[in-house]
Amino acid sequence: MSASAASAGTGVFVLSLMSIPICYLFNSLIANSAQAFIFAGCSTVIILSIAHVMFKKKAPADPLFYVYAVYAFFSVVNLIVGLEQDNIIDGFVTFYLRQADPHINTAHGHMISYWDGCVHYLMYLLMIAAITWGDSYRAIGLYWVGSFLMRAIVYILGSTVGKHGTEVNYFLLLHMLYISVSVWACFRIFSQPSTQEDELTEAEQKSLLDRPLDLLFIIYLVPAFAFCVFRGLVVLDCSSTWCQEYTQQYEPYLKDPTAYPKVQMLVGMLYSGPYYIITLYGLMVPGCEWMPDLTLVHSGALAQAQFTHICASLHTRTPFSYRVPAGGQPVFLLVNILYALMPQALCYRCRTRPAFFLRPTPDKKTE
């Protein structure tokens, strides 16, 4: 790696921190929502212009370098939003919180701000570092793809059908631009070659009973499938006594009128449900080369979804009647944290020991 490439990566970090004084300055100048919309658009143009000038002679050729530079800037803005909502800081995005975007003031939007400001920000910096070093960032990128897709789907559908559906404003247009660019970035990441270099060995073709860790994951996948389908039925107003008691005792947040938890559970049932079935097959049949990538995308999506759901269910921005009752919190936290952590463990297993999922080469078959 050249010194110029390293300085380009450092420049992105410095550029992202410039969002702090910029937010404070513009917060004191903005007077109405139209100006806020113009500010958001102009900020994007200014950031791209500054990035082009700063990195003109030393930036890597990968166009995603510029995309992640802009995203890192706005991730810090989102962190500022979250901190001001919790009254930790003041005077940076006051107008934005008061008038610009009603979604951001919900518990779901509040947790999204923290996720984007911390987890996504870290991923952007890691991918930028990998680009400047000339290393592959496909693994981190696929994890981000899952997180982004879950965030985008729930945000768009929840904002449309929830109680804030009639308050959609100019900022949805900017968000659609963000989604369009991000979808393009997703395809760029998927098109990168895989870096797995393991070879399929005889030891990796053991039966399931000789692979106790994989057997444990298979045992987990069955109740995980049932759980995601069960919560999907709950938000569809299933009349079963079990569904009603579960909602009252453990997750009343599923009935929140903002519709974000409802959409999130439906996305989980329609996408995570089939994923669990496909993963069962992948753990039992050798040669499923798509398993490491699939688990990366799903673990990123579920990490984002569960963080948002758990925190929003307990946060004071959620009306008291929709928060988790004190008596049900231990069960709620145990089940939901396990539901979030197990996909991360499965992803780690698939990424660190992928030989079982590789197909034998023609030479190996001949032998």
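Predicted, not measured: the structure shown is a model, and the values here were computed from it.

*Asks:* Can you help me understand the overall build of the protein in this one?
*Replies:* For the protein, the count of helices and strands is 14 helices and zero strands. Of the regular secondary structure in the protein, the N- to C-terminal order runs α-α-α-α-α-α-α-α-α-α-α-α-α-α. Looking at the protein as a whole, 49% of its 367 residues are labelled buried. Counting contacts in the protein only where the partners sit at least 6 residues apart, residues at least 24 apart contribute 78% of the total. Accessible surface, the protein as shown: approximately 17,600 Å² in total, 67% of it carbon and sulfur.

*Asks:* Can you walk me through the packing of aromatic side chains in this structure?
*Replies:* Any aromatic ring pair is given by two values, namely how distant the centres are and how the planes are angled relative to each other. Taken as a whole, this structure holds 20 aromatic pairs when the rule is applied. Relative to Y124, the ring of Y71 has its centre 5.6 Å away and its plane inclined at 55 degrees; by these criteria the two rings are tilted. Note that Y71 is positioned in helix 4 (residues 64-85) and Y124 in helix 6 (residues 107-133), a separation of 53 residues in sequence. The residues Y71 and Y124 share a single accessibility class, namely buried. Three or more aromatic residues joined by ring pairs make a cluster, and in this case those are Y68, Y71, Y124, Y137, W144, F148 and Y178. Of note, R211 hangs over the ring of F356, and the distance from its end group to the ring centre comes to 4.0 Å.

*Asks:* Looking at this model, I keep getting lost on a nonpolar patch on the surface. Mind explaining?
*Replies:* Together, F13, V14, L17, M18 and I20 give the surface a local cluster of nonpolar side chains, amounting to about 380 Å² of exposed area. Turning to its location among the elements, M18 is positioned in the loop between helix 1 (3-17) and helix 2 (19-27).

*Asks:* Is there a simple way to think about helix 11 (residues 260-284) in this case?
*Replies:* Two residues of an α-helix separated by three or four positions point the same way, owing to the 3.6 residues in each turn. Taking 1.5 Å as the rise per residue, helix 11 with 25 residues should run 36 Å; its terminal C-alpha atoms sit 35 Å apart, in good agreement. At M269, helix 11 shows its largest kink, close to 30 degrees.

The rules behind these values
Residues numbered from 1 in each chain as written. Predicted model: local features only at pLDDT ≥ 70, side-chain atom pairs only at ≥ 80, totals over all residues. Heavy atoms only, no water. Helix = DSSP H or I, 4+ residues; strand = E, 2+ residues; numbered from the N terminus. Buried < 20%, exposed > 50% of the residue type's maximum accessible area, 1.4 Å probe, protein only. Contact = heavy atoms within 4.5 Å. Areas by Shrake-Rupley, 256 points an atom, 1.4 Å probe, with all protein chains shown as cover. Phe/Tyr/Trp six-rings, centres within 6.5 Å; stacked < 30°, edge-to-face > 60°. Lys NZ or Arg CZ within 6 Å of the ring centre and 35° of its normal. Patch = residues over 30% accessible without salt bridge, like charges linked within 9 Å, V, L, I, M, F, W, Y side chains within 5 Å. Salt bridge = Lys/Arg side-chain N within 4 Å of Asp/Glu carboxyl O. Expected span 1.5 Å × (residues − 1). Bend = angle between axes of the 7 residues up to and from the residue.

By themselves, these observations are geometric and do not establish any function.
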